[in-house]
Structure formats: structure tokens, C-alpha cells
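# Structural description and commentary
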Amino acid sequence: QVQLVESGGGLVQPGGSLTLSCKASRNIESIYSLGWYRQAPGKQRELVASITSGSGQRTNYADSVKGRFTVSRDNAGNTVTLRMNSLKLEDTAVYYCNARGSYFSTSTPEYWGQGTQVTVSS
């Protein structure tokens, strides 16, 4: 089992920056993929960014955030971070931390955080 706790959400003006952090309750080195999803009102939850484990880490970004958001993981600190720059109104959503996979599987088990609200507004 892994508990994921997000922090860092809030209200920011368009063009501003925020950093979201997700702290895991145990060591994350064995977790295959760590990432962030978001869900805006009336829309489906979508992948924002993810990062895999190991020496050949791979990142994956939604087209809408490429060049503006950066995902990173700190295995020693059991943390995954999402740095968000040049925020737009359409980035407003609840952001969820996701942990998926293990040494033996890329897909299971899967865990979610409780979500943190990001509101971009002038």
C-alpha cells in the first residue's frame, strides 16, 4: 500500500507559476511510474505528466503542457514534483498524484492521492 499526499495547489494569475508536490508513505524506488493527472469540472480526468523509474527515466507530457510543465521524482525523498510555469486559465483543475506499477508490472498496483485544487484566474 502507498498513501499519496499532494500539496502546493492554490490560486495563481495567468502567466504565473506553481509547484505541486506529492509525498509517498513509503519508498518509491520500486514504483514504475509516478505522475500527475487533472480533472476540470465537467471533463474527464486526463494525464498531465508522468515519469518512470530507473536509470533510463522517461517522461511523458500532455501536448497542452509541453514546454510549460516539468515533472521530476526524488526517490530518496519519496516525492514527485510538478513544476508549472506560464499557467493558463485552462489549467484550472483538481490535480491528482498517481503511482502505478512495480518491479514486476508497469500497470499494477495503482494508487491515487486525494487531489489538490489549482485555480488560474485574474
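The preceding data block contains the structure.
### Some points on the pairing of strand β1 (residues 4–7)
Burial along β1 is one-sided: Leu-4 and Glu-6 are buried, and none of Val-5 and Ser-7, which face the opposite way, are. Sheet topology places β1 next to strand β3 (residues 18–24); four bridges connect them, and they run antiparallel. Bridging across to β3, Leu-4 finds its partner in Ala-24.

### A closer look at the pairing of strand β11 (residues 116–120)
Only one face of β11 is buried: it carries Thr-116, Val-118 and Val-120, and the other face, with Gln-117 and Thr-119, is open. In this structure, strand β2 (residues 10–12) lies alongside β11, joined through three bridges in parallel fashion. Each residue of the ladder has a partner; that of Val-12, found in β11, is Val-120. Relative to β11, strand β9 (residues 93–100) is paired through three bridges, and the arrangement is antiparallel. Note that in β11 the partner of Tyr-95 across the bridge is Thr-116.

### As for unusual backbone geometry
The amide bond that connects Thr-108 to the next residue, Pro-109, takes the cis arrangement and shows omega of -5°. Residue position: Pro-109 is located in the loop between β9 and β10 (110–112). One non-glycine residue with positive phi stands out, namely Asn-78, at about 55°. In this fold, Asn-78 is placed in the loop between β7 (69–74) and β8 (79–84). Among the residues examined, Asn-78 registers a relative accessible area of 16% and is labelled buried.

### Considering the sheet that holds β3
What the four strands build is an open sheet, ordered β1-β3-β8-β7; its pairing is antiparallel. Every other strand in the sheet has two partners, leaving β1 and β7 as the edge strands with one partner each. Geometrically, the sheet is characterised by an average inter-axis angle of 15° between neighbouring strands, direction not taken into account. Bridge count between β7 and β8: six bridges; the pairing is antiparallel. The residue of β8 that forms the bridge with Arg-73 is Val-80.

### Re the environment of Ser-121
Locating Ser-121 in the fold gives a position in the segment after β11. A relative accessible area of 35% places Ser-121 in the partly exposed class. Separated by 18 residues in the primary sequence, Ser-121 and Tyr-103 place their C-alpha atoms 41 Å from one another. With residues up to four places along the chain from it excluded, the contact list for Ser-121 reads Leu-11, Val-12, Gln-13, Pro-14 and Leu-89.

### Focus: the nonpolar core
Trp-36, Leu-82, Met-84 and Tyr-95 are the most contacted members of the largest nonpolar core, which totals 31 residues. If you list the elements that add at least two residues to this core, you get β3, β4 (33–39), β5 (46–52), β7, β8, β9 and β11.

### What about the pattern of salt bridges?
Enumeration according to the criterion identifies four salt bridges in this entry. Between Glu-46 and Arg-38 there is a salt bridge; the shortest N-O distance is 2.7 Å. A residue is classified by how much of its surface remains accessible, and Arg-38, at 6% relative accessible area, is buried. Arg-38 is the partner of Asp-91 in a salt bridge, and the nearest nitrogen-oxygen pair spans 2.9 Å. Of this pair, Asp-91 sits in the loop between β8 and β9 while Arg-38 sits in strand β4, placing them 53 residues apart in sequence. For the pair formed by Asp-91 and Arg-38, the shared burial category is buried. The structure contains a network of salt bridges with shared partners spanning Arg-38, Glu-46, Arg-68 and Asp-91.

Conventions we followed
- Residues numbered from 1 in each chain as written.
- Predicted model: local features only at pLDDT ≥ 70, side-chain atom pairs only at ≥ 80, totals over all residues.
- Heavy atoms only, no water.
- Buried < 20%, exposed > 50% of the residue type's maximum accessible area, 1.4 Å probe, protein only.
- Helix = DSSP H or I, 4+ residues; strand = E, 2+ residues; numbered from the N terminus.
- Pairing = 2+ DSSP bridges.
- Axes fitted to C-alpha atoms, helices over the stretch in contact; angles between N-to-C directions.
- Contact = heavy atoms within 4.5 Å.
- Core = buried A, V, L, I, M, F, W, Y, C linked by side-chain atoms within 4.5 Å.
- Salt bridge = Lys/Arg side-chain N within 4 Å of Asp/Glu carboxyl O.

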